[in-house]
Amino acid sequence: MPFKYSQKDKLKSKKLIEALFTNGKVITAYPLRLVYIKTEFEDGSQLKTGVSVSKRLHKTAVSRNQIKRLLREAYRLNKPLYFNNSSNSYAFMILYLSKDGTTFDKVNKNINTLFKKFLVQNEPLVEKSESNTSET
């Protein structure tokens, strides 16, 4: 899985976004929340992801867009590290919950924490096989 965030990897379907928020599961690593649902995509992509920043918490479009750019970049860089060996397809929505601004380092650290929690809950076989190889 290359370090790309192409058009086919973006979550745009209104039906899928509604299904995410009605039936999706949630993982939180403050100030980020990951809402996800296991699904199949017609275009064959493995992950589709969207990012969101609340207008209520960040009044100006400039601050919302800056945080969304940071979230997308951290996701793009970490996606191959965590989801290269995944055989399942997921739809993700990453929400930023804090009122405060942020830096790339903080967002990157929180994305790593969020993805680790996700893998522990959803793909325990991957985690166990990695730990067994390090013990031998």
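For the structure, check the block above.
Residues numbered from 1 in each chain as written. Predicted model: local features only at pLDDT ≥ 70, side-chain atom pairs only at ≥ 80, totals over all residues. Heavy atoms only, no water.

J.: So what exactly am I meant to see when it comes to the side chain of Ser 98 here?
T.: With respect to the helices and strands, Ser 98 occurs in the loop between β4 (90-96) and α3 (104-122). At 3.1 Å, the side chain of Ser 98 forms a polar contact with the backbone nitrogen of Asp 100. The contact partners of Ser 98, leaving out residues within four places of it in the chain, are Tyr 30, Pro 31, Leu 57 and His 58. (Helix = DSSP H or I, 4+ residues; strand = E, 2+ residues; numbered from the N terminus. Polar contact = N/O pair within 3.5 Å; in protein donor to acceptor, adjacent residues only side chain to side chain. Contact = heavy atoms within 4.5 Å.)

J.: What is the right way to look at the packing of helix α2 (residues 61-83) against α3 in this model?
T.: Relative orientation and spacing of two packed helices are given, respectively, by the angle between their axes and the distance between those axes. Running from N to C, α2 and α3 point in directions that differ by 40°, and their axes come no closer than 9 Å. As judged from the angle between their axes, α2 and α3 are oblique. For the pair α2 and α3, the sense of crossing is right-handed. Residues Leu 70, Leu 71, Glu 73, Ala 74, Tyr 75, Leu 77, Asn 78, Tyr 82 and Phe 83 of α2 touch α3, and the partners they reach there are Phe 104, Val 107, Asn 108, Ile 111, Asn 112, Phe 115, Lys 116, Phe 118 and Leu 119. Partitioning the contact of α2 with α3 into residue classes produces 13 nonpolar, 3 polar and 2 charged. (Axes fitted to C-alpha atoms, helices over the stretch in contact; angles between N-to-C directions. Parallel < 35°, antiparallel > 145°, perpendicular 65-115°, else oblique. Left-handed = near helix turned anticlockwise from the far one by under 90°. Nonpolar A, V, L, I, M, F, W, Y, C, P; charged D, E, K, R; others polar.)

J.: Please clarify how the pattern of salt bridges should be interpreted in this entry.
T.: Close approach of charged atoms lets side chains of opposite charge pair. Taken as a whole, this structure holds 3 salt bridges when the rule is applied. Between Asp 43 and Lys 48 there is a salt bridge, with its nearest N and O atoms 3.0 Å apart. For Lys 48, a relative accessible area of 13% puts it in the buried group. (Salt bridge = Lys/Arg side-chain N within 4 Å of Asp/Glu carboxyl O. Buried < 20%, exposed > 50% of the residue type's maximum accessible area, 1.4 Å probe, protein only.)

J.: In this structure, what is going on with the environment of Lys 116? I would like to understand it.
T.: In this structure, Lys 116 sits in helix α3. Lys 116 gets classed as partly exposed once you look at its relative accessible area, which sits at 47%. Separated by 34 residues in sequence, Lys 116 and Tyr 82 place their C-alpha atoms 7.8 Å apart.

J.: Just checking my understanding: could you explain the sheet that holds strand β2 (residues 32-38) for this structure?
T.: Consider a sheet: its strands pair through backbone hydrogen bonds, and that pairing is either parallel or antiparallel. Across the sheet, which stays open at both edges, the 4 strands sit in the order β1-β2-β4-β3 with mixed pairing between neighbours. The open sheet has two edge strands, β1 (25-29) and β3 (47-53), and neither has a second partner. On average, each strand axis in the sheet is tilted by 20° relative to the strand beside it, whichever way the strands run. As defined by bridge partners, β2 adjoins β4 across 7 bridges and the pair is classed as antiparallel. Opposite Leu 32, over in β4, you have Tyr 96 as the bridge partner. Across the sheet, helix α1 (residues 14-23) touches β1, β2 and β4, and the angle it forms with β4 is around 75°. Taken strand by strand, α3 contacts β1, β2 and β4, and its axis lies near 140° from that of β1. (Pairing = 2+ DSSP bridges.)

J.: I tried to follow α3 on my own but got confused; where do I start?
T.: Counting along an α-helix, one turn takes 3.6 residues, and residues three or four places apart therefore face a common direction. Under the 1.5 Å per step criterion, the end-to-end length of α3 is 26 Å for 19 residues, consistent within 8% with the ideal 27 Å. Along α3, the residues classified as buried are Val 107, Asn 110, Ile 111, Asn 112, Leu 114, Phe 115, Phe 118 and Leu 119. (Expected span 1.5 Å × (residues − 1).)

J.: Before we go on, may I ask you to explain the environment of Lys 8 in this structure?
T.: Summarising the element assignment, Lys 8 is placed in the segment before α1. We classify Lys 8 as partly exposed; its relative accessible area is 45%. Setting aside anything within four residues of it in sequence, one finds Lys 8 in contact with Asp 43, Ser 45 and Lys 48.

J.: Honestly, the environment of Asn 78 in this entry has me stumped. Any pointers?
T.: Structurally, Asn 78 is set in helix α2. A C-alpha to C-alpha distance of 8.1 Å links Asn 78 and Phe 3, two positions 75 residues apart in sequence. Within the local environment of Asn 78, its side chain forms a polar contact with the side chain of Asn 108, the two groups lying 2.6 Å apart.

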